[in-house]
Amino acid sequence: MGLVLLAPESALGNTNVQSVLTSTTAGSLLAQAQTGYPQRQDALINDYGGVLLPADADRLRSLLEQTRTTAGIEVVVVTVPSIGVYETGDAAIESFATSLFNSWGVGDVQRNDGVLVLFSEGDRAVRIELGKGYSRAYDARMQTVIDEYMLPRFRASAYSTGLYEGTQALVGQLTGPPPTALEQLPWGWLILGLGGLVSGGVAIAASKLLLNLWRPRCELCQVQMTNLSDTEAKEHLDTGQILELELRSVFHTVSECPQCHKHTARHFANPITPFSACPSCHYKTLEEVQRTTVREPTYHSSGEALVNRHCRHCDHGDQQTITLSQLRHSDSSSSSSSFGSGSSSGGGSSSGGGASGKW
Ligand SMILES: [Zn+2]
Ligand SMILES: [Zn+2]
Ligand SMILES: [Zn+2]
Ligand SMILES: [Zn+2]
């Protein structure tokens, strides 16, 4: 299976024949030991392909730990010798990544904000798989990360550097300013994706330009509407929506017809905002104001905390009891059983969003 997949690749790039053969041999041994998706042995880095240099593994781990602590986002980096050695029946890296993501339950179960970076040297392919919580606008951002930070390094066989620098760029994209409302239009990215497939960079640039020029059309007058600035838009939003706009928890875009002055509004929820929907006024303006630990989690049992929440819009306040996840041994030298079962995972899931690249 592995050989069949790899044969065309080794024929194309003579310089890589040696490394491909080596990983195939390693892969065959692995395939004898286990079939099915690999077990998660570490919370952050699972280097089954053996491509990370110690220095890169160290700085990658610091980056991923920091991302988990400060942004609350779980990013897992996985390398495999090839997809084929696991004999899962997956023909492409995309379906393998989605199933692996879901079997490991990457990310928070509520927010579904986990990310899995999958690198396969044998398939010369990389995949960034996103949790369900991310809007499709993030797919395009991940494609940029792959195209600009990963593939150029991978083509030069600098796998370790490419994985670190690519993941660093990825984290920057996830924790930076959220996509603009226009970026969030799924059809726009569809055009962008198709353009990219057809003729590469030029088509992407042209599609981006088209996307930026795009305005909704008035149904009555058939003329293009004008997108209002945030200040103008506020005149047409209610107090809760204005607050959401200011808190960047929901983006409201208002367009106006220059002839009949009809307005249309579009709303896009920010998938990674700390604000959640208020049970009283229903705006996404509820924030956690205080967290008191009642019982610390241990390596053997979960903990408990009291969370005080407050709505910035309607002043609603409440207190919730939440469960703190049981502590896990994340050191790769520890027993592999700590990450063996799905029940110890965060429980996040993916519906196949993300981006991929081959070199
Ligand atoms: Zn107006
Ligand atoms: Zn009109
Ligand atoms: Zn108006
Ligand atoms: Zn409220």
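Residues numbered from 1 in each chain as written. Chains lettered and ligands numbered in written order. Predicted model: local features only at pLDDT ≥ 70, side-chain atom pairs only at ≥ 80, totals over all residues. Heavy atoms only, no water.

1. Observations concerning the coordination of the zinc ion (ligand 1)
Bound to the zinc ion (ligand 1) on the protein side are E256 (OE) and H263 (NE2), at distances that span 1.9 to 2.6 Å. The distance between the zinc ion (ligand 1) and the zinc ion (ligand 3) is 2.3 Å, with H263 acting as a donor to both metals. Judged by its relative accessible area of 30%, H263 is partly exposed. (Donors = N, O, S within 2.8 Å, 3.2 Å for Na, K, Ca; no water. Buried < 20%, exposed > 50% of the residue type's maximum accessible area, 1.4 Å probe, protein only.)

2. Remarks on the coordination of the zinc ion (ligand 4)
Put simply, a metal with four donors set out as a tetrahedron has ideal angles of 109.5 degrees, and one with six donors set out as an octahedron has ideal angles of 90 or 180 degrees. Around the zinc ion (ligand 4), the donor atoms from the protein are C278 (SG), C281 (SG), C311 (SG) and C314 (SG), and they sit 2.3 to 2.4 Å away. Geometry at the zinc ion (ligand 4) is tetrahedral, judged from its four donor atoms and the angles of 106 to 117° they form at the metal. Motif for the zinc ion (ligand 4), donor spacing along one chain: C-x2-C-x29-C-x2-C. In this pair, C278 sits in the loop between β7 (263-269) and β8 (286-295) while C311 sits in strand β9 (residues 303-311), placing the two residues 33 residues apart along the sequence. (Tetrahedral: all angles 85-135°; square planar, octahedral: opposite > 155°, others 65-115°. Helix = DSSP H or I, 4+ residues; strand = E, 2+ residues; numbered from the N terminus.)

3. So, helix α3 (residues 54-71)
A rise of 1.5 Å per residue sets the reference length of α3, with its 18 residues, at 26 Å; its end C-alpha atoms lie 25 Å apart and thus fit the reference within 8%. Listed as buried for α3 are D56, A57, L60, L63, L64 and T67. End-on, the buried residues of α3 take up no more than an arc of 130°, which puts them together on one face. Away from its buried face by more than 90 degrees, α3 exposes P54, A55, D58, T69 and T70. The inward-facing, buried residues of α3 abut β1 (45-47), β2 (75-80) and α6 (159-175). Looking one or two residues past α3, G72 carries a phi angle of roughly 75°, positive in sign. (Expected span 1.5 Å × (residues − 1). Arc of directions from axis to C-beta. Contact = heavy atoms within 4.5 Å.)

4. Some thoughts on the pattern of salt bridges
This model, assessed by the stated rule, comprises 11 salt bridges. Across the pair R127 and E129 runs a salt bridge, and its minimum N-O distance is 2.8 Å. Residue classification places E129 among the buried residues on the basis of a relative accessible area of 0%. Among the ionic pairs, E288 bridges to R291, the shortest N-O distance being 2.8 Å. (Salt bridge = Lys/Arg side-chain N within 4 Å of Asp/Glu carboxyl O.)

5. Quick notes on the packing of helix α5 (residues 137-155) against α6
Helix packing for two helices is described by the angle between their axes and how far apart those axes are. Where α5 meets α6, the axes come as close as 8 Å, and the angle between the chain directions of the two elements is 160°. On the basis of the axis angle, α5 is roughly antiparallel to α6. In this structure, α5 meets α6 at a crossing whose hand is right-handed. Packed against α5, whose contacting residues are Y138, R141, M142, V145, Y149, M150, R153 and F154, the element α6 presents Y159, G162, L163, E165, G166, T167, A169, L170, Q173 and L174 at the interface. Grouping the amino acids of the contact of α5 with α6 by side-chain chemistry returns 11 nonpolar, four polar and three charged. (Axes fitted to C-alpha atoms, helices over the stretch in contact; angles between N-to-C directions. Parallel < 35°, antiparallel > 145°, perpendicular 65-115°, else oblique. Left-handed = near helix turned anticlockwise from the far one by under 90°. Nonpolar A, V, L, I, M, F, W, Y, C, P; charged D, E, K, R; others polar.)

6. Some words on the nonpolar core
L60, V115, I128, F154, L163, L170 and L174 are the most contacted members of the largest nonpolar core, which has 35 residues in total. If near-sequence neighbours (up to four positions away) are discounted, L163 is found in contact with V51, L52, L60, V77, T79, V117, F119 and F154. V76, I83, L100 and V106 belong to the second-largest nonpolar core, a separate cluster that totals 16 residues. (Core = buried A, V, L, I, M, F, W, Y, C linked by side-chain atoms within 4.5 Å.)

Purely geometric numbers; function is a separate question.
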